[in-house]
Amino acid sequence: LFPAIFSALHVTHLYFERDTEPYAIQRDARVDALCKQNKITVHCEYGHTLYSPESLLHLIHNVQRASVPKTYRAFLNVLQRAGDP
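Right, let's walk through the structure included here. Everything quoted here is computed from the prediction, not taken from an experiment.

### Let's talk about helix H2 (residues 22–37)
Taking 1.5 Å per residue, 16 residues should reach 22 Å; H2 reaches 23 Å between its end C-alpha atoms and fits that length. Listing the buried residues of H2 in full gives Ala-24, Asp-28 and Cys-35. Buried residues of H2, seen end-on, are gathered within an arc of 40 degrees and therefore sit on one face of the element. H2 presents Pro-22, Tyr-23, Gln-26, Arg-30, Lys-36 and Gln-37 as exposed residues on the side facing more than 90 degrees away from its buried surface. Directly after H2, the chain includes Lys-39, whose backbone phi takes a positive value near 55 degrees.

Okay, here's the thing in structure tokens:
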């Protein structure tokens, strides 16, 4: 269905908001793959979070070499290291 819609409407770019829920991550991966097959450029951002969860996890695990914060104070320390969104 989507390839026919993409063709009929001459779609070249697709914009959507990424979600962090497990079902949505799988859905977004399928959309990305479908668009890639149809040579459509995908643009997606996080709209309901200030930081991408991946960037914060990268900062926690690879830069700080720590575990995921379990208190609000520890979370604020991570955000301070992350800088402004």
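### So, the pairing of strand E1 (residues 13–18)
By the bridge criterion, six bridges tie E1 to strand E2 (residues 41–46) in an arrangement that is parallel. Following the sheet pairing, Tyr-15 is matched in E2 by His-43.

### Points about the packing of helix H3 (residues 53–63) against helix H4 (residues 72–82)
Helix-helix packing is characterised by the crossing angle of the two axes and by the distance between the axes. Where H3 meets H4, the axes come as close as 10 Å, and the angle between the chain directions of the two elements is 95 degrees. Compared by their axis directions, H3 and H4 come out roughly perpendicular. Taken together, the residues of H4 that come into contact with H3 (itself represented by Leu-56, Leu-59, Ile-60 and Val-63) are Phe-75, Val-78, Leu-79, Arg-81 and Ala-82. Grouping the amino acids of the contact of H3 with H4 by side-chain chemistry returns eight nonpolar, no polar and one charged.

What counts, and at which threshold
Residues numbered from 1 in each chain as written. Predicted model: local features only at pLDDT ≥ 70, side-chain atom pairs only at ≥ 80, totals over all residues. Heavy atoms only, no water. Helix = DSSP H or I, 4+ residues; strand = E, 2+ residues; numbered from the N terminus. Expected span 1.5 Å × (residues − 1). Buried < 20%, exposed > 50% of the residue type's maximum accessible area, 1.4 Å probe, protein only. Arc of directions from axis to C-beta. Pairing = 2+ DSSP bridges. Axes fitted to C-alpha atoms, helices over the stretch in contact; angles between N-to-C directions. Parallel < 35°, antiparallel > 145°, perpendicular 65-115°, else oblique. Contact = heavy atoms within 4.5 Å. Nonpolar A, V, L, I, M, F, W, Y, C, P; charged D, E, K, R; others polar.

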